[in-house]
Amino acid sequence: MDSRGKSDDEESGYRSKIWDLDQKLDQPMDAEAGSLKNKYEEKKISTFLLLCLAFQSLGVVYGDLGTSPLYVFYNTFPDGIEDPEDVVGALSLIIYSLTLIPLLKYILIVCRANDNGQGGTFALYSLLCRHAKIKTIPNQDRTDEQLTTYSRSRIYERSFAAKTKRWLEECSFRKNALLLLVLVGSSMVIGDGILTPAISVLSAVQGIKLDHPKMSSDVVVFVAVVILVGLFCMQHHGIDRVGWLFAPVVFLWFLLIGGIGIFNIWKYDKGVLKAFSPVYICRYFRSGGRDNWLSLGGIMLSITGTEALFADLSHFPVLSIQIAFTAIVFPCLIFAYSGQAAYLLKNPNHVADAFYRSIPDSIYWPVLIVATAAAVVASQATISATFSLIKQALALDCFPRVKIVHTSEKFLSQIYIPDINWILMVLCVAVTAGFKNQSQIGNASGTAVVIVMLVTTLLMILIMLLVWRCHWIVVAIFTGLSLIVEGTYFSSVLCKVNQGGWVPLVIAAAFFVIMYAWHYGTMKRYEFEMHSKVSMAWILGLGPSLGLVRVPGIGLVYTELARGVPHIFSHFITNLPAIHSVVVFVCVKHLPVYTVPEEERFLIKRIGPRNFRMFRCVARYGYKDLHKKDEQFEKRLFDSLFMFVRLESMMEDGCSDSDDYSLNGQQTEQSRDRNYNGNRASSNTNATISSGDSIVPLDANTIRSAIQVSSPSEVDELEFLGNCRDTGVVHILGNTVVTTSRESKWYKKIAIDYIYAFLRKICRGNSAVFNVPHENLLNVGQIIRV
C-alpha cells in the first residue's frame, strides 16, 4: 500500500483502463478516414443509383401531387360547365400553374434552400437563425458555431445582406414577427395534413358510386372513413415494412393517368393542346368574370402537395427529386389534365366525375384499385410530414413535449407520435363525415396550401438575401412573380372561406395558439432563469462543502441554462441539508442545425475550483436528433467527464465557468477570427476542452500524451469520480410552476396561467423526456412569477 492508500493491483487496473481508452482513440481516426472516403464516394453517385433514388422518391414525395387529377376539375366547375371554352382556359391555368409553382419555384429554386438536405418551414427558419441572431430565446453561444454542422458564410459589413441582418436583429418585434410567420406556415401544413387524406381517399372511392349509381353517398363516406381509420391505426407499425410498395404504386399510377390522358386526347379532341397558349387564360377571365376568378380555388388544387415535396426533401438527394419530377411527374400530370379536358369538351355534363368517366371500361376497376392505393400513399406522406414537422417544432421549443417513437432502425426520419396521430385521425374523420363531398373539402385544402406557399415565399426572400447573397434585383423578380401568382390564388380562396375554407383556418388557429403559447411560456421561464441565476461569488462564498454535508454519489441537476448556476440549485441547497459529492449541471440544448455528431454531443466545463467537484455538461442536439431512450446517454456523459479531467491536466490553470475567463487569461482576436472562419475541431480525431467561452481543439496525439502522462492529482480525482459513480447517480429535476404576477396584463395571464399551465399538465414531464428511472429521481418544486 503506497502513501495514497492505493494497492498495486488497483494501480495496474487503472493503468489498464487508460490503455483501453488509448486503444479506442485509434477508432475515431479510422472512422474519420472512412467518413472522408464515403463523402468522396457520395460525390460520385452513379447514374444508375441516382435513377433508383428518383424512382423511390415517387412514393414518398409525389403521392399528394399525383392524386390531384381525381378532384381538380370537379372543384373548378362545381356548378357545371356553361361554356366549353372555359375548359381550355382552366387547362391553360393548370399547365402554367404546374410550370411556375412546382417546377420553377420549388424544384429549381426552393429545393436549393435546404438545410443540409432538410426541408420545410422550420428548416428555413433554422437556416436563418444561423446567419442572424433572430431567435427569441437568446441561448446562442460562440461554442455552438464551432460545430462541424454549424455551417454559415461570412457577411461583409457594407453589403446589403449585412444591412438586412442588422435590421432584423435590432428589433425584437421583427424577430417575433418572423417566428409568428413560421408558426402560421407550420400550422397550415398540419391543417393540410388533415385535409389531404380526407379529400384524396374520398375522391378515390367515389368511383364505386359510378359503377353502382343507386349507392348512396353515405356508403361512399363510410368506406372512406373505414380506410382512413385503418390507415391511422397502422401508423404505430411504421412504413418500413410496406414502404417498398409506395414507389411502384405511385409509378404505376402516373403511367396510368398519363396513358389515359394521351388516349383521351387522341380519341376526343386533339385541339385541347391549344391550351399551352397563355392567350386562353386572358379569354378565360374575360368571358367568365367573377365566377371564373372564383374557380381559381379549384385550379389551386392542381399544385396541392408541392409544399410536402419540400418538407420530405430529407429522404432523397435534390437531384433525384428533380429528375423524378421533370421526367415522370410533370409530363404525366400534363397529359392527365389535358385528357380530362378533351373528354369534357365532348361531355361537359360529366364534370362531377370526369376522371372515372374518362377511363376506358376495360381498365376501370384496375384503375380504381390503383387510385385508392395511391390515395392511401399520398395520405401517408402527409401524415409522416406532419410528424416530422411536430418533431422539429418540439426541438425548437415551439410545441409541448410529446412522445416520439422510432418505427425503423434503418431510417431515423421514420417516426410515430401517438398523441398527434389520434388527433389527426379524429379531425380527418370529422372533416370527411361532416362535409361528405369533395367541393367543400377542396375549398378548405386550397386555403391551407396557398397560405403555406406565401409563407415560403416570404422566408425565401430572407434566404436569398442573407444566405445566398443574391442581388436585390434577382430577389425582386422572384418575389414579384411568386406574389403575383400566389396572391391571385389567395384572393380567390378568401372568397370561399364560408364554403369550407374556414376549416383549415380554425385548425391552424388552434395549433398556432398551442405552439405560440408554449413558446411564450418557455421564453418567459428562460428569462427568469437567466435573471435569477446564482452568481459565482455566492458559490465561492459557500466553500468546498457548499455549506452543506457532501454525501457520496453524483447528482445530475438538469437545467435549461448553458451558462451559470440555475436558481433551482440555490432553492435546493437552502431547503435540504445535503448535496452529493459531485454535482453535474446537465443542459439538454437544441441548436438551429439539422444534427449534431455524436463526437461533438457533449461540452464539459468546470464550475468553481477543482475541490468543489462541480461540472457543467451541455448535451447538444439538432432538430433531426432525438434524445433516445437508452442507457448510453449517462455512460457517454461520464466518459466525456473523465476525458475532460484528463485533458484539463494539460492546462496550466484550472477551468472556470466565469464569464470573463478564458485560456491563459484572455481570448485573442486571432483565435476569435479563427473560430469564426470555421477552423473547428474535427468531429472524430479531435476532442474539445472548454474554458469559459472558448474551445481549445486537441488532436489525438495530445490526448494520448495526456492519458499516458497522468499526474497523481488527476488519478486521485478520476478514482474519486469513479467511486462516486459506483455509489449511485441521482437525477435532480426541477418541477417548476410558472405563474404571472398581479400587475401582468390580461393576455399574458391567459397565455401563462391558463393555456401554458394546461399544456404543462397534459404534456410529458421532465422525467419522461429525459428517460430518468423513478428510483433515481428527485423532483425539486418551485414557483416562479414572470
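Thresholds applied
Residues numbered from 1 in each chain as written. Predicted model: local features only at pLDDT ≥ 70, side-chain atom pairs only at ≥ 80, totals over all residues. Heavy atoms only, no water. UniProt positions renumbered as here; feature names shortened; annotations may be inferred. Helix = DSSP H or I, 4+ residues; strand = E, 2+ residues; numbered from the N terminus. Buried < 20%, exposed > 50% of the residue type's maximum accessible area, 1.4 Å probe, protein only. Contact = heavy atoms within 4.5 Å. Polar contact = N/O pair within 3.5 Å; in protein donor to acceptor, adjacent residues only side chain to side chain. Phe/Tyr/Trp six-rings, centres within 6.5 Å; stacked < 30°, edge-to-face > 60°. Axes fitted to C-alpha atoms, helices over the stretch in contact; angles between N-to-C directions. Parallel < 35°, antiparallel > 145°, perpendicular 65-115°, else oblique. Nonpolar A, V, L, I, M, F, W, Y, C, P; charged D, E, K, R; others polar. Patch = residues over 30% accessible without salt bridge, like charges linked within 9 Å, V, L, I, M, F, W, Y side chains within 5 Å. Areas by Shrake-Rupley, 256 points an atom, 1.4 Å probe, with all protein chains shown as cover. Salt bridge = Lys/Arg side-chain N within 4 Å of Asp/Glu carboxyl O. Core = buried A, V, L, I, M, F, W, Y, C linked by side-chain atoms within 4.5 Å. pLDDT = per-residue confidence, 0-100. Lys, Arg positive; Asp, Glu negative; His and termini not counted. Charge placed at Lys NZ, Arg CZ, Asp CG, Glu CD. Left-handed = near helix turned anticlockwise from the far one by under 90°. Expected span 1.5 Å × (residues − 1). Pairing = 2+ DSSP bridges.

As recorded in an unreviewed UniProt entry, the chain goes by the name Potassium transporter, listed as coming from Manihot esculenta. The heading Function (unreviewed entry) in the UniProt record of the chain holds the text "Potassium transporter." In its Sequence similarities (unreviewed entry) section, UniProt records this for the chain: "Belongs to the HAK/KUP transporter (TC 2.A.72.3) family."

K.L.:
Summarise the overall build of the chain; cite the residues concerned and give the values.
P.N.:
In terms of helices and strands, the chain carries 31 helices and 10 strands. Within the chain, the fraction of its 786 residues that count as buried is 54%. In the chain, of all internal contacts separated by at least 6 residues, the share reaching a separation of at least 24 is 84%.

K.L.:
How would you sum up the side chain of Ser200? Please name residues and give values.
P.N.:
Relative to the helices and strands, Ser200 is located in helix H9 (residues 172-205). For Ser200, a relative accessible area of 0% translates into the label buried. In this structure the side chain of Ser200 is engaged in a polar contact, spanning 2.8 Å, whose partner is the backbone oxygen of Thr196. Ignoring sequence-local partners within four residues, the contact set of Ser200 consists of Thr67, Leu70, Tyr71, Ala375 and Ser379.

K.L.:
Talk me through the packing of aromatic side chains; I want residue IDs and the actual numbers.
P.N.:
Under the defined criterion, the tally for this structure stands at 17 aromatic pairs. Their ring planes at 35° and their centres at 5.9 Å tell us that Tyr62 and Phe325 sit as a pair that is tilted. Placement of the pair is Tyr62 in the loop between helix H3 (47-61) and helix H4 (63-66) and Phe325 in helix H17 (residues 318-346), with a sequence separation of 263 residues. Grouping residues by exposure puts Tyr62 and Phe325 together as buried.

K.L.:
Describe in detail the packing of helix H23 (residues 502-531) against helix H30 (residues 746-762), supporting the description with residues and values.
P.N.:
The contact between H23 and H30 brings their axes to 9 Å, and the two run at 100°. By the criterion of interaxial angle, the relationship of H23 to H30 is roughly perpendicular. Taken together, the residues of H30 that come into contact with H23 (itself represented by Val513, Ile514, Ala517, Trp518, Tyr520, Gly521, Thr522, Lys524 and Arg525) are Lys748, Ala751, Ile752, Ile755, Tyr756, Leu759 and Arg760. By residue class, the composition of the contact of H23 with H30 is 10 nonpolar, two polar and four charged.

K.L.:
Residues and numbers for unusual backbone geometry, please.
P.N.:
The backbone of Arg469 sits at a positive phi, close to 60°, despite the residue not being glycine. With respect to the helices and strands, the residue Arg469 is situated in the loop between helix H21 (438-467) and helix H22 (472-494). A relative accessible area of 28% places Arg469 in the partly exposed class. Residues other than glycine seldom take positive phi values, yet Arg613 does so here, at roughly 55°. For Arg613, the position within the fold is in the loop between strand S5 (602-606) and strand S6 (614-621).

K.L.:
So, a nonpolar patch on the surface: which residues are in play, and what are the values?
P.N.:
Where nonpolar side chains cluster on the molecular surface, the patch consists of Phe160, Trp472, Ile473, Ile477 and Leu481 and spans about 570 Å² of accessible area. Ranked by the residues each element gives to the nonpolar patch, the list is headed by H22, at four residues. With respect to the helices, strands and loops of the structure, Ile473 is situated in helix H22.

K.L.:
So, the nonpolar core: which residues are in play, and what are the values?
P.N.:
With 156 residues, the main nonpolar core has Tyr62, Phe122, Phe254 and Tyr356 as its most contacted residues. Here this core takes 18 residues from H21, the largest share from any one element. For Tyr62, the contacting residues outside a window of four places in its chain are Ser57, Ile107, Phe254, Leu309, Ile321, Ala324, Phe325 and Val329. The next biggest cluster of nonpolar side chains, apart from the first, holds 25 residues, and it includes Ile554, Val582, Phe644 and Val645.

K.L.:
Residue-level account of the pattern of salt bridges, with values.
P.N.:
Scanning the model with the defined rule gives nine salt bridges in all. Across the pair Arg357 and Asp353 runs a salt bridge, and its minimum N-O distance is 2.8 Å. Within this structure, Glu598, Arg601 and Arg636 form a network of salt bridges that share partners.

K.L.:
Requested: an account of the side chain of Arg620, with residues and values cited.
P.N.:
Within the secondary structure, Arg620 sits in strand S6. Here Arg620 falls in the buried class, since its relative accessible area comes to 3%. There is a polar contact of 2.9 Å between the side chain of Arg620 and the backbone oxygen of Glu600. In this structure, Arg620 is in contact with Thr143, Asp144, Leu147, Lys589, Leu591, Val596, Glu600, Arg601 and Leu603, ignoring residues within four places of it in sequence.

K.L.:
Outline the confidence of the model for the chain, supporting the account with residue identities and numerical values.
P.N.:
Scored by pLDDT, the chain has a mean of 77; 80% of the residues are at 70 or more. Counting contacts from residues 1-44, a segment whose pLDDT is below 50, to residues more than four positions away or on other chains yields 39 contacts. Here residues 652-711 scores under 50 on pLDDT; set against residues more than four positions off or in separate chains, the count is 128 contacts.

K.L.:
So what's going on with a negative patch on the surface? Which residues, and what values?
P.N.:
On the surface, a cluster of negative charge is made up of Asp79, Glu82, Asp83 and Asp291. On the secondary structure map, Asp83 appears in the loop between helix H5 (72-76) and helix H6 (85-107). A relative accessible area of 31% places Asp83 in the partly exposed class.

K.L.:
Any chance you could break down the packing of H9 against helix H19 (residues 364-395) for me, citing the residues and the numbers?
P.N.:
In contact at an axis separation of 9 Å, H9 and H19 are set at 170° when each is read in the N-to-C sense. Here H19 runs roughly antiparallel to H9, going by the angle between their axes. Handedness of the crossing formed by H9 with H19: left-handed. In contact with Ser186, Val189, Ile190, Gly193, Thr196, Pro197, Ser200, Val201, Ala204 and Val205 of H9, H19 contributes Leu368, Ala371, Thr372, Ala375, Ser379, Thr382, Thr386, Leu389 and Ile390.

K.L.:
So, H19: which residues are in play, and what are the values?
P.N.:
Its 32 residues give H19 an end-to-end C-alpha distance of 47 Å, which sits within 8% of 46 Å, the value for a rise of 1.5 Å per residue. Across the 32 residues of H19, 25 count as buried, placing the element largely inside the fold. Once H19 ends, the next one or two residues include Asp397, with phi positive near 60°.

K.L.:
Explain the environment of Glu170 residue by residue, including any values.
P.N.:
With respect to the helices and strands, the residue Glu170 is situated in the loop between helix H8 (160-169) and H9. Taking relative accessible area as the criterion, Glu170 reaches 57% and is therefore assigned exposed. For the pair Glu170 and Lys133, spaced 37 residues apart in the sequence, the C-alpha separation amounts to 9.4 Å. Here the side chain of Glu170 touches Arg174 through a polar contact of 3.3 Å, side chain to side chain.

K.L.:
An account of the pairing of S6 is needed here, citing residue identities and associated values.
P.N.:
Of all the eight residues making up S6, eight are buried; the element is thus mostly covered by neighbouring parts of the structure. As defined by bridge partners, strand S4 (residues 578-590) adjoins S6 across eight bridges and the pair is classed as parallel. Note on S6: the bridge partner recorded for Val583 is Met614. The pairing of S5 with S6 spans five bridges and is antiparallel. Residue pairing in the sheet places Phe602 in a bridge with Ala619 of S6.

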